[in-house]
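Structure assessment
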Amino acid sequence: MTTLSGKTALVTGSTSGIGLGIALSLAKAGANLILNGFGDASKVIAEVAQYGGKVGHHPADVSDPAQIADMIAYVEREFGGVDILVNNAGIQHVAPVDEFPVERWDSIIAINLSSVFHSTRLSLPGMRAKGWGRVINIASVHGLVGSTGKAAYVAAKHGVIGLTKVVALETATSNVTCNAICPGWVLTPLVQKQIDDRAATGIDPQQAQHDLLAEKQPSLEFVTPPQLGELVLFLCSEAGSQVRGAAWNVDGGWLAQ
Ligand code: NAD
């Protein structure tokens, strides 16, 4: 098992869903954790702290570069800097492109794409100084293929994969790596909302869930946050140290079609 004891991981958007699952995997492997995200953090702090590492929470709204800078400064001050950066915070909005609300476009680009640029540029100098680091971006299958109604999300996630490649090249001769993980459907609040929207049209909720999977994900099973956490641990391990600039899909066969 990968030991990350002595390492500090910052996971954005980790009060829920995939981010929380990844934070729990990193904490189990011995890392100190800085959680980030909205809502009451006390329960998730306790859940992550049960593994014995030091745990903090920073409430930065990652749509604001100044708040990201505050968060990185907090990690440097209280934890000695970020060793593992997991850029995970993200939101979704579904509408046709010619009806897409402009303010939704702006916030999806800010949260799902620009925040990855800001947290990465602010964390890299510390990683380089320590001679080790991992930047892991939670992109999506929608970083590699499109779907109707998701203009901002698909554009942002394609951007994350492009940024991942550039950071991987700029760090290629160091012990800092940068990769993207591209999940298919994972049953989190972000996806539950899309199931609820389908059910609101009168379809049985179980049927709505089945239809959502059947349209895209051949396994007809959701990917789980712990499965994504295990991949993060692999990318943090010595065995993963030459995986650089990858966009690694975990998608029940979605992209094989
Ligand atoms: P979620 O809604 O369960 O969790 C999102 C997290 O981000 C929460 O902790 C929330 O508080 C936080 N967040 C939202 N806006 C924020 C902001 N402005 N500043 C700081 N934190 C903010 O969603 P999820 O499904 O766990 O998604 C996590 C990531 O995984 C996203 O980037 C998403 O695009 C990606 N993803 C999800 C799926 C899926 O099927 N659920 C598939 C592929 C990729």
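Reading the values: the criteria
Residues numbered from 1 in each chain as written. Predicted model: local features only at pLDDT ≥ 70, side-chain atom pairs only at ≥ 80, totals over all residues. Heavy atoms only, no water. Pairing = 2+ DSSP bridges. Helix = DSSP H or I, 4+ residues; strand = E, 2+ residues; numbered from the N terminus. Axes fitted to C-alpha atoms, helices over the stretch in contact; angles between N-to-C directions. Contact = heavy atoms within 4.5 Å. Salt bridge = Lys/Arg side-chain N within 4 Å of Asp/Glu carboxyl O. Phe/Tyr/Trp six-rings, centres within 6.5 Å; stacked < 30°, edge-to-face > 60°. Buried < 20%, exposed > 50% of the residue type's maximum accessible area, 1.4 Å probe, protein only. Lys NZ or Arg CZ within 6 Å of the ring centre and 35° of its normal. Left-handed = near helix turned anticlockwise from the far one by under 90°. Nonpolar A, V, L, I, M, F, W, Y, C, P; charged D, E, K, R; others polar. Domains from an automatic or database assignment. Buried area = accessible area lost by both parts, 1.4 Å probe. 1 Å grid on protein atoms, 1.4 Å probe; cavity = no way out; pocket = protein on both sides within 12 Å on 5 of 7 lines; lining within 4 Å. Points joined across faces, edges and corners; volume = space filled by probe spheres on them. Near = heavy atom within 4 Å. Polar contact = N/O pair within 3.5 Å; in protein donor to acceptor, adjacent residues only side chain to side chain. Areas by Shrake-Rupley, 256 points an atom, 1.4 Å probe, with all protein chains shown as cover. Sits in = over half its atoms within 2 Å of the grid points.

**Concerning the sheet that holds strand E1 (residues 8-11)**
- If you walk across this open sheet you meet the 7 strands as E3-E2-E1-E4-E5-E6-E7, and the pairing is parallel. Two strands close off the open sheet at either side, each with one partner strand: strand E3 (55-58) and strand E7 (247-250). On average, each strand axis in the sheet is inclined to that of its neighbour by 20°, with strand direction left out of account.
- One ladder, built from 4 bridges, connects strand E6 (residues 176-183) with E7; its direction is parallel. Within E7, the residue paired with Pro183 across the bridge is Val250.
- Contacts from helix H4 (residues 102-130) reach strand E4 (84-87), strand E5 (133-138) and E6, with the element oriented near 175° to E4.
- This element, helix H5 (residues 151-170), spans E5, E6 and E7 of the sheet and lies at about 160° to E6.

**A closer look at the pattern of salt bridges**
- Throughout the structure, instances matching the rule amount to 4 salt bridges.
- Between Arg198 and Glu215 there is a salt bridge whose closest N-O contact spans 2.9 Å. Here Arg198 is found in helix H6 (residues 189-199), whereas its partner Glu215 is found in helix H7 (residues 205-216), with 17 residues between them in sequence.

**Let's talk about the packing of aromatic side chains**
- What the rule picks out here adds up to 3 aromatic pairs.
- Both rings, one in Tyr74 and one in Phe79, keep their centres 6.1 Å apart while their planes meet at 65°; by these two values the pair is edge-to-face. We note that Tyr74, like Phe79, is buried.
- Note on Phe234 and Trp248: the rings are 5.9 Å apart at their centroids and 75° apart in plane angle, and the pair reads as edge-to-face. Remark: Trp248 occurs in strand E7 and Phe234 occurs in helix H8 (residues 225-236); sequence separation between them is 14 residues.
- The exposure class of Phe234 is partly exposed, given its relative accessible area of 31%.
- Above the ring of Trp132, the side-chain terminus of Lys7 is found at 4.2 Å from the ring centroid.
- Between the NZ or CZ atom of Lys54 and the centre of the ring of Phe79, over which it lies, the distance is 4.4 Å.

**What about the packing of helix H3 (residues 65-79) against H4?**
- The geometry of H3 relative to H4 is characterised by a closest axis approach of 10 Å and an angle of 35° between their N-to-C directions. Crossing handedness for the pair H3 and H4: right-handed. On H4, the residues touching Pro65, Ile68, Ala69, Ile72 and Glu76 of H3 are Ser115, His118, Ser119, Leu122 and Ser123.
- By residue class, the composition of the contact of H3 with H4 is 5 nonpolar, 4 polar and 1 charged.

**Quick word on the domain arrangement of the chain**
- When the domains of the chain are assigned, the result is domain 1 (8-184 + 223-250) and domain 2 (187-222).
- Tallying the contact residues gives 14 residues for domain 1 and 9 residues for domain 2.
- Of the roughly 670 Å² buried between domain 1 and domain 2, counting both surfaces, carbon and sulfur atoms make up 53%.
- Taken as a group, Gln92, Ser147 and Val223 account for 44% of the area that domain 1 buries against domain 2, more than any other trio of residues on that side.
- Class assignment for the residues of the side of domain 1 that touches domain 2 results in 4 nonpolar, 9 polar and 1 charged.

**Some thoughts on empty space enclosed by the protein**
- The full count for this structure, using the stated rule, is 1 cavity of 30 Å³ or more.
- Estimated volume of the largest cavity: approximately 50 Å³.
- Taken together, Thr12, Asn87, Asn88, Ala89, Ile111, Asn112, Ser115, Val116, Asn137, Ile138, Lys157 and Val160 make up the lining of the largest cavity.
- Every element with two or more residues in the lining of the largest cavity is listed here: H4, E5 and H5.
- In terms of residue count, the dominant contributor to the lining of the largest cavity is H4 (4 residues).
- Its residues assigned to classes, the lining of the largest cavity comprises 5 nonpolar, 6 polar and 1 charged.

**Some words on the environment of Ile109**
- Checked against the element boundaries, Ile109 lands in helix H4.
- Put simply, Ile109 and Lys157 are 48 residues apart on the chain and 9.0 Å apart in space, counted from C-alpha to C-alpha.
- Ile109 has contacts with Ser114, Ala152 and Ala156, leaving out every residue within four places of it along the chain.

**Observations regarding the site of the ligand**
- In the vicinity of the ligand, 30 residues are found, and the nearest of them are Ser16, Asn88, Tyr153, Val186 and Thr188.
- Take Ser16: an N or O atom from its side chain is 2.7 Å from an oxygen atom of the ligand.
- Gly184 has a polar backbone atom sitting 3.4 Å from an oxygen atom of the ligand.
- Expressed as a share of its isolated accessible area of 830 Å², the protein-covered part of the ligand is 93%.
- Of the pockets mapped on this structure, the ligand occupies the largest pocket.
- Those elements giving two or more residues to the shell around the ligand turn out to be helix H1 (17-28), H5 and H6.

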